[in-house]
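Letter by letter, the chains look like this.
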Amino acid sequence: MKQFKKEEILSLANELQFSLSELEISNIEKEFEVLMAQLSLMNDIDTSNVEPMIYPFEAPIAYLRSDKVNHVLSIDEALKNAPKQQDNFVVVPKVVK
Amino acid sequence: MDANVSIKRLKEIQQATNACITIFDKPVSKKEGNLSHWSVAVKDNFVMKGVLTTAGSKILSNYIGVYDATVVTKLLDCGAKIVAKTTLDELGMGGTGLTSFTGPVKNPLNLNHQAGGSSAGSAAVMAADAVDIALGSDTGDSVRKPASFCGVVGLKPTYGRISRYGVIPYASSLDHVGYFTHNVKDAAVALEVMTGFDPKDPTTLLEHLVKFSHLLKGDLKDKKIAVFQNVLDHIDDADTLKLFNNLIMKLENEGAHISFVVMDANLLKTMLPTYYILANCEATANHANLTAINFGLQQDGEDLQEIMVNSRTVGFNETLRKRFVIGSFGLKDENQQELFVKAQKIRRLLVNELQEALDDVDVIIAPASSSVAPTIQEDDADKLSSKHLISENYMVLGNFSGYPSVTVPMGNVNDLPIGVNLTAKAMDEATLLDIAYGFEQVIAYKKPKGVV
């Protein structure tokens, strides 16, 4: 069974770009025990020669539209929800210091 | 119903139920049409132009839509009047209706109880008779379970039947647009209006839906109905079983052919963990764009990363961050085969079982929940029990398979409703709703009066 150590939880949270409090980490550890017990049920199922199911239907649903520009947001609309903006750009703190 | 009456009613129940995130002062409408008499509530994960669209999440608590979701456009084009945006579990990721950043939703039929989730507010405004139809989304059972708890009809059509353009996603391979109505006929009318291929959503079906609402007969004679026995086996609530057994008796009296289907119990026990892995892995990827840089509620920070970290820490509740950690764990290179891909394989086996069970019958049915709505405080489920793993969560099969599935009210226990769920073959909404219409006639359900 997979283990889920505090360091790994912190590393995942770091990759996911958020923090967790000590209490939250301990809650995740507790929940993970239950989850692992549930997931172990999956190991009892023989899935050899079974193709993963990615979407509900096998029928091809992808299509090619004609190569014309359609359905674009205006710059005003695209920037409408940006917290900070200037001259049609989203403003962020200086990246290269 | 008159849209202004609807708005008045929504305001009247808001304080007690917290069913809405936005109630419009004036109905939003575009033109008159055959749905001009319909007041519509929209779950707050459907984008509407110029309207606050939060998905129940603090990180989107200032987000104003810049376009209309396709389904919103379709309803407005038919004359419908939109009166409110309803409360949901944060980003649709929950089944209680308790986790929106605006606070918990309470069931208007009994304020000590949940309305269910994630489409909690939509179910609640229907239970309070405040609107004619309420849009929801259904990734696990997020329309069909709250419909059971609120005594209304809740439909999740075939995957791809209704465009998801403009719906803030949860897990793309499982997400469906669904909705609540007061009766099956309205559900059929609404489906005809909302269905159709949408070039903005390449997952929509190319097949046309034949207009069928005027063809609903509800004649149950010789209809082949399979009872999902595994679900019944783990329900211990005598009242639920009594209501369901009464229903079976009535169906037999109407001339329906009842059979009992038993699926592989070990396989069924994996439904919930399979769902949990697939849904959280997909959600983790889908919500990586919520950084509060281009849009969303931004927190202060010294640099770009600190802004993101602070915004996402404050912007998502603990439950969501926990789910993202688990989703990310399932997607890591070293775990992907054992967790994510394994879950995708089990999904196929489960769908094969359902397909086989539906081979010789028209629908498969079971109680939509093992008992009435839980109380607001209740969380005492034994997470490893068959009751929890099978009876409480079997409706995810409808999302794994994409098959159409509807909950209709079955009866009341202590003035709280409980529904029965029916699932049919892919694309076969006509049979599903015809039989559901028949159920409606034989059940002759009366919703409790409610307390607000």
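Predicted, not measured: the structure shown is a model, and the values here were computed from it. (Residues numbered from 1 in each chain as written. Chains lettered and ligands numbered in written order. Predicted model: local features only at pLDDT ≥ 70, side-chain atom pairs only at ≥ 80, totals over all residues. Heavy atoms only, no water.)

1. Digging into the overall build of chain A
The condition is simple: Counting from the N terminus, the helices are the DSSP runs of H or I reaching at least four residues and the strands are the DSSP runs of E reaching at least two. Values of the radius of gyration come from C-alpha atoms, whereas the globule rule sets the reference at 2.2 Å times the count of residues to the power 0.38. Relative accessible area decides the class of each residue, using a 1.4 Å probe on protein chains only: under 20% of the type maximum gives buried, over 50% gives exposed, and in between gives partly exposed.
Looking only at helices and strands, one finds three helices and two strands in chain A. For chain A, the sequential pattern of α-helices and β-strands runs α-α-α-β-β. On C-alpha atoms alone, chain A measures out to a radius of gyration of 23 Å, which is more than a quarter above the 13 Å that the 2.2 N^0.38 rule sets for 97 residues. When the backbone C-alpha atoms are referred to their principal axes, chain A occupies close to 55 × 45 × 25 Å. Burial analysis of chain A (97 residues in total) assigns 27% to the buried set.

2. Topic: the interface of chain A and chain B
In plain terms, the rule: It only takes one pair of heavy atoms within 4.5 Å for two residues to be counted as in contact. Here the buried area means the combined drop in accessible surface, using a 1.4 Å probe, for two parts upon being joined, counting both sides. Any Lys or Arg side-chain nitrogen found within 4 Å of a carboxyl oxygen on Asp or Glu counts as a salt bridge. Polar contact criterion, stated in full: a pair of N or O atoms within 3.5 Å, where within protein one must be able to donate a hydrogen and the other to accept it, and residues adjacent in sequence count only if both atoms are side-chain atoms. We call Asp, Glu, Lys and Arg charged. Ala, Val, Leu, Ile, Met, Phe, Trp, Tyr, Cys and Pro are nonpolar, and the rest, Gly among them, are polar.
At the interface, 54 residues of chain A touch 74 residues of chain B. Interface area, chain A with chain B, both sides summed: about 5,800 Å², of which 66% is carbon and sulfur. Put simply, chain A and chain B have four salt bridges between them. A salt bridge links Lys49(B) to Glu77(A); the shortest N-O distance between them is 3.0 Å. Between chain A and chain B we count 19 residue pairs in polar contact (both at pLDDT 80 or more) in total. Counting residues per element, the ones that place at least two in the side of chain A that touches chain B are α1 (6-15) and α2 (22-43) of chain A. In terms of residue class, the side of chain A that touches chain B is made up of 32 nonpolar, ten polar and twelve charged.

3. Considerations on the sheet that holds strand β13 (residues 416-423) of chain B
Residue and element names in this part refer to chain B. Selection criterion: Whether two strands pair depends on DSSP finding at least two bridges between them. Axis lines are fitted to C-alpha atoms, over the contacting stretch for helices. Their N-to-C directions set the angle, which ranges from 0 to 180 degrees.
Strand order in the open sheet formed by eleven strands is β1-β3-β2-β6-β8-β7-β12-β13-β11-β9-β10, and the pairing between neighbours is mixed. Each edge of the sheet is formed by a strand with only one pairing partner; in this case those strands are β1 (20-28) and β10 (257-261). Direction aside, the axes of adjacent strands within the sheet are offset by 25 degrees on average. Taken together, the six bridges between strand β6 (residues 133-138) and strand β8 (residues 176-181) define a ladder with antiparallel strand orientation. Each residue of the ladder has a partner; that of Ala134, found in β8, is Phe180. Against the sheet, helix α12 (residues 333-358) engages β10, β11 (363-367) and β13, with an angle of about 110 degrees to β11.

4. Points about empty space enclosed by the protein
Residue and element names in this part refer to chain B. Going by this rule: Of the two site types, the cavity is a set of points on a 1 Å grid over the protein atoms alone where a 1.4 Å probe fits but cannot get out, and the pocket is an open set with protein on both sides within 12 Å along at least five of seven lines, each lined by residues with an atom within 4 Å of a point. Grid points are joined across faces, edges and corners, and a volume is the space filled by probe spheres set on the points.
Overall, the coordinates contain three cavities of 30 Å³ or more when judged by the stated rule. In this structure, the largest cavity occupies an estimated 80 Å³ of space. Forming the walls of the largest cavity are 13 residues, and the residues nearest its centre are Phe228, Ile364, Tyr394, Asn421 and Thr423. Put simply, the parts of the chain that give the lining of the largest cavity at least two residues each are β11, α14 (396-401) and β13. The dominant element in the lining of the largest cavity, judged by the number of residues it contributes, is β11, at three residues. Looking at the lining of the largest cavity residue by residue, the class counts come to eight nonpolar, four polar and one charged.

5. A word on the packing of α2(A) against α12(B)
Convention followed: Relative orientations are named as follows: roughly parallel for angles under 35 degrees, roughly antiparallel for angles over 145 degrees, roughly perpendicular for angles from 65 to 115 degrees, and oblique for any other angle. By convention, the crossing between two helices is left-handed when the near helix turns anticlockwise from the far helix through less than a right angle, and right-handed when the turn is clockwise.
α12(B) packs onto α2(A) with a crossing angle of 55 degrees between their chain directions and a minimal axis gap of 10 Å. Between α2(A) and α12(B), the angle falls in the class oblique. Crossing angle aside, the handedness with which α2(A) passes α12(B) is left-handed. Contacts from Leu39(A), Met42(A) and Asn43(A) of α2(A) reach α12(B) at Leu339(B), Lys342(B), Ala343(B) and Ile346(B). For the contact of α2(A) with α12(B), the class distribution of residues is five nonpolar, one polar and one charged.

6. Comments concerning the nonpolar core
Our working rule: Throughout, nonpolar core names a set of buried Ala, Val, Leu, Ile, Met, Phe, Trp, Tyr and Cys residues whose side chains join them through atoms within 4.5 Å.
In this structure, Leu251(B), Ile365(B) and Phe439(B) are the most contacted members of the largest nonpolar core, which totals 169 residues. Setting aside residues up to four positions removed in sequence, Leu251(B) forms contacts with Leu220(B), Ile225(B), Ala256(B), Ile258(B), Ile365(B), Phe439(B) and Val442(B).

7. So, the environment of Gly33(B)
Residue and element names in this part refer to chain B. Its location among the elements puts Gly33 in the loop between β1 and β2 (39-43). Overall, the relative accessible area of 32% leaves Gly33 in the partly exposed class. Sequence separation between Gly33 and Leu75 is 42 residues; the distance between their C-alpha atoms is 9.5 Å. Residue contacts for Gly33: discarding those within four places in its chain leaves Cys78 and Gly79.

8. Here's the deal with the pattern of salt bridges
All names here are of chain B. Applying the stated criterion across every chain yields a total of 18 salt bridges over all chains. In this structure, the salt-bridge partner of Asp25 is Lys11, at a minimum N-O distance of 3.2 Å. Placement of Asp25 in strand β1 and of Lys11 in helix α1 (residues 3-17) is noted, with a sequence separation of 14 residues between them. Asp25 sits in the exposed class, given a relative accessible area of 63%.

9. Brief notes about the side chain of Arg347(B)
Formally: Working convention for charge: Lys and Arg count positive, Asp and Glu count negative, and His plus the chain ends are omitted.
Looking at where Arg347(B) falls in the secondary structure, it is placed in helix α12. Among buried charged residues, Arg347(B) stands out as having no salt bridge; its nearest opposite-charge side chain is Glu282(B), 4.7 Å away. In contact with Arg347(B), not counting residues within four places along its chain, are Met53(A), Ile54(A), Tyr55(A), Pro56(A), Ser173(B), Leu174(B), Thr274(B), Leu278(B), Asn399(B) and Phe400(B).

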